[in-house]
Amino acid sequence: MAISIEPTTTCNLRCPQCPSGLRQFTRDTGNLDLDLNKKILDQVGKQLQHINYYFQGEPFIHPEFLALVKEARERNIYVVTSTNAHFITPETAEKIVTSGLSEIIISIDGLTQETYEQYRINGKLEKVIAGTKNLIAAKRKMNRPNPVVTFQFLVTKHNEHEIDKLFALGESVGVDEVRLKSVQVYDYETGNDLIPENETYSRYKKTNEGQYELKNKFKNKCWRMWSSCVFTWDGKIVPCCFDKDAQHKMGDLNTLDFNTTWKSSIYREFRSKVFKNRKDIEICKNCSEGSKVWV
């Protein structure tokens, strides 16, 4: 089983399609408690093989984030996080390596400050590059293969012309992988300045009428409903990472154990809705499942 655990809802950036960046949450904000983290790991149990320690917010803002990682790695769970890399100092980089973190995804959404800040508002590209170099240097100094370092490039209209140079930068810095990701846009029907011109890099396509629609054909199925879920920082269980504001609460670990929640009538009813008409579920309307997200 694979799960996502949210370390924090706080972020230093103001990305325009992110409820954390926009400060638009209706749910409470805060940091994951270490005891609650342990409770999640205990209750999901031996079936747990993979954790994404990110959902909303910047993980490294959590003052004890690497303690969360260590707890999971001690159980031999593959652990991934995603970061804007603004907090990876040389000292922090060495702590990341010694934590045993399996993989780290670094968001680098532009190769100049001008293109980068079109999406990563308030961010500094030089900090992303410096943080990445600090991490690569720490791995080499300590002779460790992990964490695997991935550059993730959110392709938008502002930066799509930089894709070729991105791979060259990744190679020169020494990252292990360069990955392209299509941007999610909430109000996409009439178009948006973020949608790339090259449809190869978009999760939307333009219709003959000049409108935009998802490439996803919306089949009434979703494998995620039986293989994964998301835990918010305060212990709520939601069905997937598209439920960013936790509108579909399946349970709460503070009041009900995980196995009971996983098999509950509420969860069964939600899965049934996915089978009947997925378009009726709000969080599914912009889902990339079934379309080409990673390109």
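Residues numbered from 1 in each chain as written. Predicted model: local features only at pLDDT ≥ 70, side-chain atom pairs only at ≥ 80, totals over all residues. Heavy atoms only, no water.

Geometrically, the link from N146 to P147 is a cis peptide bond, its omega value of 5° lying close to zero. The residue N122 is not glycine, and still its phi comes out positive at about 80°. Phi at N143 takes a positive value of approximately 55°, unusual for a residue other than glycine.

Further remarks concern the confidence of the model for the chain. Of the residues in the chain, 97% reach a pLDDT of 70 or more, and the chain-wide mean stands at 92. Confidence over residues 290–295 falls short of pLDDT 50; this stretch has 16 contacts with residues more than four positions distant or in other chains. (pLDDT = per-residue confidence, 0-100. Contact = heavy atoms within 4.5 Å.)

This paragraph deals with the packing of aromatic side chains. Enumeration over the complete set of coordinates arrives at seven aromatic pairs. Considering the side-chain rings of F231 and F258, the 5.8 Å spacing of their centres and the 45° angle between planes classify their relative orientation as tilted. With a gap of 27 residues between them, F231 in strand β9 (residues 228–231) and F258 in helix α7 (residues 258–262) connect regions that are remote in the sequence. Of the residues examined, F231 reaches a relative accessible area of 0% and is grouped as buried. Put simply, the rings of F231, F258, W262 and Y267 pair up and form one aromatic cluster. Over the aromatic face of W262 sits the side chain of R271, whose NZ or CZ is 4.7 Å from the ring centroid. Sitting over the face of the ring of Y267, R271 holds its NZ or CZ atom 4.0 Å from the ring centroid. (Phe/Tyr/Trp six-rings, centres within 6.5 Å; stacked < 30°, edge-to-face > 60°. Helix = DSSP H or I, 4+ residues; strand = E, 2+ residues; numbered from the N terminus. Buried < 20%, exposed > 50% of the residue type's maximum accessible area, 1.4 Å probe, protein only. Lys NZ or Arg CZ within 6 Å of the ring centre and 35° of its normal.)

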